[in-house]
Amino acid sequence: RIVAEGLLDLLGVKCDCAKDGKEAVDMYTASPASYYDAILMDVKMPNMDGYEATMAIRKSSHPAAETVQIIALTADAFNEDIARALSSGMNAHVAKPIETSALAAALEVAFAAKKR
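Residues numbered from 1 in each chain as written. Predicted model: local features only at pLDDT ≥ 70, side-chain atom pairs only at ≥ 80, totals over all residues. Heavy atoms only, no water.

Thoughts on the overall build of the protein chain
Check the secondary structure of the protein chain and you find five helices and three strands. For the protein chain, the sequential pattern of α-helices and β-strands runs α-α-β-α-β-α-β-α. Taken along the three principal axes of its C-alpha coordinates, the protein chain extends 35 × 30 × 25 Å. Each of the 116 residues in the protein chain was classed as buried or not, and the buried ones make up 40%. Counted over contacts in the protein chain with a minimum sequence separation of 6, partners at least 24 positions apart contribute 58%. (Helix = DSSP H or I, 4+ residues; strand = E, 2+ residues; numbered from the N terminus. Buried < 20%, exposed > 50% of the residue type's maximum accessible area, 1.4 Å probe, protein only. Contact = heavy atoms within 4.5 Å.)

Have a look at this one:
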């Protein structure tokens, strides 16, 4: 999380952090409709993993639940891992260790999608 926060700071992106998947879902579902531009979702978290958290967000009654861009962050980078992230409702996958250019590219796509 510290590495991701540092990279986001370098990219000029403000972020909020959750300690686990349950807190991420709670933070998102309690937020105003357009508060978050994107969610960086660690796949391996305590209490609720990133896949479960993503599915909970997508099924929630939040006005942007179906459209908020969710980006998987994980060291699991095989094709089946990417497919699992996408099938759980995530929009993109960024492998760890996180490369600044890969994170920037994923965020650029996410921010462009929000503007539509």
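Read on, since the account is not over.
Remarks on the pattern of salt bridges
Taken as a whole and assessed by the stated rule, the structure comprises six salt bridges. D26 is the salt-bridge partner of K22, the closest N and O atoms lying 3.0 Å from each other. Of this pair, K22 and D26 both sit in helix 2 (residues 21-29), four residues apart, roughly one helical turn. K44 is the partner of D76 in a salt bridge, and the nearest nitrogen-oxygen pair spans 3.4 Å. Note that D76 is positioned in the loop between strand 2 (69-74) and helix 4 (79-87) and K44 in the loop between strand 1 (38-42) and helix 3 (50-59), a separation of 32 residues in sequence. Given a relative accessible area of 22%, D76 falls into the partly exposed group. Exposure remark for K44: the relative accessible area of 60% places this residue in the exposed category. (Salt bridge = Lys/Arg side-chain N within 4 Å of Asp/Glu carboxyl O.)

Considerations on the pairing of strand 1
Where strand 1 meets strand 2, five bridges bridge the pair, whose relative direction is parallel. Within strand 2, the position partnered with M41 by the bridge is A72. Note on the crossover from strand 1 through helix 3 to strand 2: the handedness is right-handed. (Pairing = 2+ DSSP bridges. Right-handed = clockwise from strand over helix to strand, strands pointing away.)

Here's the deal with the pairing of strand 2
Regular strands place their side chains on alternate faces of the sheet. Among the six residues of strand 2, six are classified as buried, and the element is accordingly described as predominantly covered. Side-chain alternation along strand 2 places Q69, I71 and L73 on one buried face and I70, A72 and T74 on a second face that is also buried. Taken together, the four bridges between strand 2 and strand 3 (residues 92-95) define a ladder with parallel strand orientation. In the sheet register, T74 faces strand 3, and the bridge partner there is A95. Chirality of the crossover, the property in question, places the unit of strand 2, helix 4 and strand 3 among those that are right-handed.

Some details on helix 3
Along helix 3, the positions that sit buried rather than exposed are G50, Y51, A53, T54, I57 and R58. The buried side chains of helix 3 occupy one side of the element, clustering within an arc of 165 degrees when seen end-on. In the core, the buried residues of helix 3 are packed alongside helix 2, strand 1, strand 2 and helix 4. (Arc of directions from axis to C-beta.)

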